[in-house]
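Given next are the chains, with one letter for each unit.
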Amino acid sequence: VLKSPFSLTLDRVGLQADTFALDQFDSEGKIHGGGRLAWARSRADSVAAADRPLAFNLSFTRLPIHEWLRFYRADTKATGTTDGSLQITGTAGEPLIQLQAEINDLRYAGTRIDKLSGSFAYADHEINARVDASQLGRRVLAGNGRIPMDLGFVPLGNRRLNRPLDFSIRADSMPVAIVTGVARGFREVQGSVSGNMLLRGTTVDPAIAGNLTVKNAAGTFTPSGVRYHDINGTFAVLNDSLVNVSASGRAGDGTAVVFGGLNFARLSDPKFDSLRITMTNFQAASRRDAEFTTTGDLLLGGRYSAPVLSGNIQIDRGALYLDELYRQYQVVELDRALLFDVVDTSVVSIRRALPESSSPFVKNLRVRDLIVDIGRESWLRSRNLNVEVVGVLEVVFDRAAEDLRLTGELSAVRGQYQMEYRPLTARRFDIRSGTVEFPGTPGIDPNLDFQALYRARPLQNQSDPINIIASVGGTLPSPRIRLSSEEDQRLSES
């Protein structure tokens, strides 16, 4: 709620605002501010704008933290109140910035921080920053140092500077949820992280040093639907950018060990350096379309923003729900002109085949050269099919391109096929033998080739039931069924 009218003048080189006051309608939050800012949108205007004076201030009290987090991520769920002030003086080319902020009773990503405070002072192309966090009266995070950076309001050159960078961070049993909350995709996170990290070098070529230890962590990774627990590990910096990873954890009744490297030459987008995951009877997925337990090795490469997964694994037990997969991953060529000639796209909303994900890791995941050895107690299930299979599949998956391809042949061990026909009831056939072939085409459209048996009631004047054989061919969405009998009687298919 604006307490009273005020004047705001905005043009291509700056802003002039009278003092204004806002009171939050449904809470105690207050914002006061006003003053003058100047900037240049193009390099041609930079010289003229560089000497323009700045005089702007902003203060806020008891403002809910989620109001600020909307600038970072619209769906962030966090509670707590913020108090602080911002002052900007100097000139557009050489601004002086002072920021003080404190967050009280922060609840974020399933954890609570009593107080998170920080200060930010910018002058002479250098940021002096400090951050502190406390939980239950104990400091769990402390960071301070200087960061060379050009924060001028005019585009005079590269923001990052070739000047010394010196920033240190110390964590003492800090909740792991603070880290995973930034990474996204995790919920109900527990555990702590301790250690020291140092940022050195320059902002043009930063270097890191130190080590971190994770203890007794647990969390549910939403994309896999699996709850991981008993996670312990170390992250030790070997040189200026390479971090050695050694960690272990449990899911279901199994274990997984992770070892390898992370390359932080690009701090915001680390590279996976032969990061290997060795699993033993490890629950890998618990989703609507798949649930399975695996043993084997995976190799994670690429970068956090574009990961590549490969390896060899064995399915110890599990199920693939084909109807759900078919709905999600069937490929439709939406770019054909004929489609738009016959479909009113202003009325029909064409939904992406895969739901959007907020995690860059999940959104851009690619799987290649992944060999899956499927053992007993592995099932393919759909509305009509429930069959135990064995065999080998090769999996290729490109999340960004919405492309899933399975190649290989599975042999049927046992199971049922349900044949439905109206107006009579359905008949359930016991599978004798056969195969389910995945030809490597986009989407989920396996070829069926198996025989199943149904014991029908005896004919008149007979005591033994009649064995009806269903030969099922075609594909999962379009099966072809041919019926025959093992008996001597001439029976029509109908």
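To start, this report covers the structure provided alongside it.

Rules used in this analysis
- Residues numbered from 1 in each chain as written.
- Predicted model: local features only at pLDDT ≥ 70, side-chain atom pairs only at ≥ 80, totals over all residues.
- Heavy atoms only, no water.
- Salt bridge = Lys/Arg side-chain N within 4 Å of Asp/Glu carboxyl O.
- Helix = DSSP H or I, 4+ residues; strand = E, 2+ residues; numbered from the N terminus.
- Buried < 20%, exposed > 50% of the residue type's maximum accessible area, 1.4 Å probe, protein only.
- Contact = heavy atoms within 4.5 Å.
- Pairing = 2+ DSSP bridges.
- Phe/Tyr/Trp six-rings, centres within 6.5 Å; stacked < 30°, edge-to-face > 60°.
- Polar contact = N/O pair within 3.5 Å; in protein donor to acceptor, adjacent residues only side chain to side chain.
- Core = buried A, V, L, I, M, F, W, Y, C linked by side-chain atoms within 4.5 Å.
- Patch = residues over 30% accessible without salt bridge, like charges linked within 9 Å, V, L, I, M, F, W, Y side chains within 5 Å.
- Areas by Shrake-Rupley, 256 points an atom, 1.4 Å probe, with all protein chains shown as cover.

Inspection of the entire model under this criterion finds 22 salt bridges. Across the pair Asp-23 and Lys-30 runs a salt bridge, and its minimum N-O distance is 3.5 Å. Through salt bridges with shared partners, a single ionic network connects Asp-105, Arg-107, Arg-112 and Asp-114.

This part takes up unusual backbone geometry. Glycine aside, the phi torsion of most residues is negative, and most peptide linkages are trans. At Arg-62, a residue that is not glycine, the phi angle is positive and equals roughly 45°. Along the chain, Arg-62 turns up in strand β4 (residues 55-64). For Arg-62, a relative accessible area of 41% corresponds to the partly exposed category. One non-glycine residue, Ser-274, adopts positive backbone phi at about 50°. Mapped onto the secondary structure, Ser-274 falls in strand β16 (residues 271-286).

A few words on the environment of Phe-292. By the secondary structure assignment, Phe-292 is in strand β17 (residues 290-303). Here the alpha-carbon distance between Phe-292 and Leu-320, two residues 28 residues apart in the chain, equals 8.1 Å. For Phe-292, the residues in contact, after removing those within four places along its chain, are Phe-282, Gln-283, Ala-284, Ala-285, Ile-315, Arg-317 and Gly-318.

Right, let's talk about the pairing of strand β24 (residues 447-456) for a bit. Note: strand β23 (residues 427-442) against β24, seven bridges, orientation antiparallel. Note on β24: the bridge partner recorded for Asp-430 is Leu-453. As consecutive antiparallel partners, β23 and β24 are separated by four residues, and within that stretch Gly-443 has a phi angle of approximately 90°, a positive value.

So, about the packing of aromatic side chains. Here the structure, examined in full by the defined rule, presents seven aromatic pairs. Taken together, a centroid distance of 5.8 Å and an interplanar angle of 65° make the contact between Tyr-417 and Phe-450 edge-to-face. Note that Tyr-417 is positioned in strand β22 (residues 403-419) and Phe-450 in strand β24, a separation of 33 residues in sequence. With a relative accessible area of 5%, Tyr-417 lands in the buried category. Residues Phe-429 and Tyr-454 carry aromatic rings whose centres are separated by 5.4 Å and whose planes lie at 45° to one another, so their mutual orientation is tilted. Separated by 25 residues along the polypeptide, Phe-429 in strand β23 and Tyr-454 in strand β24 bring together distant segments of the chain. A residue is classified by how much of its surface remains accessible, and Phe-429, at 2% relative accessible area, is buried. Residue Tyr-454 is classed as partly exposed on the basis of its relative accessible area, which comes to 23%. Taken together, the ring pairs in this structure connect Phe-272, Tyr-304 and Phe-361 into an aromatic cluster.

What follows deals with the side chain of Gln-135. With respect to the helices and strands, Gln-135 occurs in strand β8 (residues 126-135). Take Gln-135: its relative accessible area is 17%, and that puts it in the buried class. In this structure the side chain of Gln-135 is engaged in a polar contact, spanning 2.8 Å, whose partner is the backbone oxygen of Arg-112. Dropping the residues within four chain positions of it, Gln-135 is found in contact with Thr-111, Arg-112, Asp-114, Val-140, Ser-173 and Pro-175.

Turning to the nonpolar core, a few remarks are in order. Judged by nonpolar contacts, the single largest core of 57 residues is most densely connected at Leu-380 and Ile-431. In this structure, Trp-39, Leu-54, Ala-92 and Val-154 belong to the second largest nonpolar core, which totals 25 residues.

A cluster of nonpolar side chains, Leu-2, Phe-6, Leu-8 and Leu-22, forms an exposed patch at the surface whose accessible area comes to about 320 Å². By the secondary structure assignment, Leu-8 is in strand β1 (residues 8-11).

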